[in-house]
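Structural overview for review
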Amino acid sequence: MEAIIFYILAAVAVVGALLLVSLRNPLSGAFALVSALVSLAGIFALLNAEFVFILQVLVYAGAIMVLIIFTIMLLNLNKEELREAPVSPIRLVVTIGLCAACAFGVMKAFGNIPYLQGEIAEGFGSIESVGALMLSDFLYPFEVISLVLLVAVVGVVLLAKKAI
Amino acid sequence: MGAITIQHYLALSAILFFIGVFGVLFRRNLIVIMMSIELMLNAVNLTFVAFARYTGTMDGHVIAFFVMALAAAEAGIGLAILVMLFRNRTTVQADDLTLMRD
């Protein structure tokens with residue numbers, strides 16, 4: 001059963017990713033990316049990562065993608081602005097070959113990882129246990145992340161203002 | 001269809017990551033390039049969560065949370081830069097932005 005769900009979700013994620021890089025219109029690409037992100041959320045649920053699953057749906061498929069789609073719609077690009085310079089087939093083949101070779105090499109290297117049993121404790125990945133870990137062992141990184149987000153907010157406000 | 005091992009998850013993550021790399025290298029639309037970067041960050045998250053599941057520790061979940069926070073910051077700043085760029089140059093094509101080159 002796990003295998004069937006995994007293969008369905010993985011297929012949706014890969015097809016969504018391929019559509020993202022191949023569709024001309026960024027809005028269609030954004031919706032393809034949303035489907036890929038949602039199926040990735042399902043894969044996180046399959047991995048017993050309840051907390052990451054909720055965050056993936058809320059933050060990624062929710063907040064970040066809404067931000068991107070809003071920006072695409074606000075820019076209101078016409079056909080002329082969406083045209084991409086024609087690419088030579090050599091460049092296409094070289095890029096695909098490079099990426100495929102790298103992906104194959106990485107997968108080959110992953111094959112050397114010894115078999116891991118995957119025993120998990122009770123409450124693994126729940127909001128409570130991840131939150132406890134985040135506020136004990138990872139307290140300083142957590143504070144630094146809040147600082148990063150504050151700087152990002154200030155930076156965005158400065159950038160988006162018409163004149164400083 | 002045998003049992004799903006960590007290799008399956010890592011293979012999926014490698015495929016998604018390199019599709020994202022392809023998008024960054026090949027596409028010229030800045031919005032699509034940004035979305036490809038988001039896809040790559042998600043593939044890395046999948047690796048963290050898969051290792052967390054198969055080693056039985058939850059550190060990977062916390063790091064995945066940090067990656068998501070950074071991705072949110074990146075998306076916000078990137079889109080603000082994009083809007084600024086479009087306001088000043090009326091283009092979102094990387095090929096048209098050659099001010100630093102020539």
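Residues numbered from 1 in each chain as written. Chains lettered and ligands numbered in written order. Predicted model: local features only at pLDDT ≥ 70, side-chain atom pairs only at ≥ 80, totals over all residues. Heavy atoms only, no water.

**Topic: the side chain of Thr47 of chain B**
All names here are of chain B. We apply this condition: Numbering of helices and strands runs from the N terminus, with a helix taken as a DSSP run of H or I at least four residues long and a strand as a DSSP run of E at least two residues long. Note on classification: 1.4 Å probe, protein chains only; a residue is buried when its accessible area is under 20% of the maximum for its type, exposed when over 50%, partly exposed between these limits. Here a polar contact means two N or O atoms within 3.5 Å. Within protein one must be a hydrogen donor candidate and the other an acceptor candidate, and residues neighboring in sequence count only if both atoms are side-chain atoms. Any two residues whose heavy atoms approach within 4.5 Å are treated as being in contact.
Inspection of the secondary structure assignment puts Thr47 in helix H2 (residues 30-55). On the accessibility criterion, Thr47 (17% relative accessible area) is buried. Only 2.7 Å separates the side chain of Thr47 from the side chain of Ser13, close enough to count as a polar contact. Among residues more than four places away in sequence, those in contact with Thr47 are Leu10 and Ser13.

**Looking at the pattern of salt bridges**
Residue and element names in this part refer to chain B. As a reminder, the rule being used: Whenever a carboxyl oxygen of Asp or Glu lies within 4 Å of a side-chain nitrogen of Lys or Arg, that contact is scored as a salt bridge.
Tallied over the full model, the rule gives 1 salt bridge over all chains. Residue Arg28 is joined to Asp95 by a salt bridge in which the shortest nitrogen-to-oxygen separation is 3.1 Å. Here Arg28, found in the loop between helix H1 (6-26) and H2, pairs with Asp95, found in the segment after helix H3 (59-89); they are 67 residues apart in sequence, far enough to count as distant. The class for Arg28 is buried, based on a relative accessible area of 18%.

**With respect to the interface of chain B and chain A**
Convention followed: When residues are grouped by polarity, Ala, Val, Leu, Ile, Met, Phe, Trp, Tyr, Cys and Pro land in nonpolar, Asp, Glu, Lys and Arg in charged, and all others, Gly among them, in polar.
At the junction of the two partners, chain B supplies 73 residues and chain A supplies 82 residues. Our count for the chain B to chain A interface comes out at 0 salt bridges. On inspection of chain B and its partner chain A, the count reaches 10 residue pairs in polar contact (both at pLDDT 80 or more). Mapped by element, the contributors of at least two residues to the side of chain B that touches chain A are H1, H2 and H3 of chain B. Ranked by the residues each element gives to the side of chain B that touches chain A, the list is headed by H3 of chain B, at 24 residues. Across the side of chain B that touches chain A, the residue classes tally to 49 nonpolar, 16 polar and 8 charged.

**A look at helix H1 (residues 2-22) of chain A**
Definition in use: Expected helix span is computed as 1.5 Å times (number of residues minus one). Note that the arc is computed from the directions linking the helix axis to the C-beta atoms.
If you check H1 of chain A, its first and last C-alpha atoms are 30 Å apart, about what 21 residues at 1.5 Å a residue would give, namely 30 Å. Considered for burial, the residues of H1 of chain A that qualify are Ala3, Phe6, Leu9, Ala10, Ala13, Val14, Gly16, Ala17, Leu20 and Val21 of chain A. For H1 of chain A, the arc enclosing every buried residue in end-on projection is 165 degrees, short of the 170-degree limit, so these residues lie on one face. Set apart from the buried face of H1 of chain A by more than 90 degrees, the exposed residues are Ile8 and Ser22 of chain A. Against helix H2 (26-46) of chain A together with H1 and H2 of chain B lie the buried residues of H1 of chain A.

**Topic: a nonpolar patch on the surface**
All names here are of chain A. How we decide: Patches draw on residues past 30% relative accessible area with no salt bridge. Two like charges within 9 Å are joined, as are two nonpolar side chains (Val, Leu, Ile, Met, Phe, Trp, Tyr) within 5 Å. Accessibility throughout is a Shrake-Rupley quantity obtained with a 1.4 Å probe, and a residue counts as covered only by protein chains that appear here.
A contiguous nonpolar patch, built from Met1, Ile4, Ile5, Ile8 and Val12 and spanning about 480 Å² of accessible area, is present on the exposed surface. If you trace the backbone, Ile8 turns up in helix H1. With a relative accessible area of 52%, Ile8 lands in the exposed category.

**Considering the domain arrangement of chain A**
Residues and elements named next belong to chain A. The following threshold applies: These domain boundaries are the output of an automatic or database domain assignment. The term buried area denotes the loss of accessible surface (1.4 Å probe radius) that occurs when two parts are joined, taken as the sum for both partners.
If you check the domain split of chain A, you get domain 1 (2-125) and domain 2 (126-164). Centre-to-centre separation of domain 1 and domain 2, based on C-alpha positions: 24 Å. If you look at the interface, domain 1 gives 6 residues, while domain 2 gives 5 residues. Interface of domain 1 and domain 2: buried area, both sides summed, is about 440 Å²; carbon and sulfur atoms make up 70% of it. Remark: the boundary between domain 1 and domain 2 carries 0 salt bridges. The interface formed by domain 1 and domain 2 includes 1 residue pair in polar contact (both at pLDDT 80 or more).

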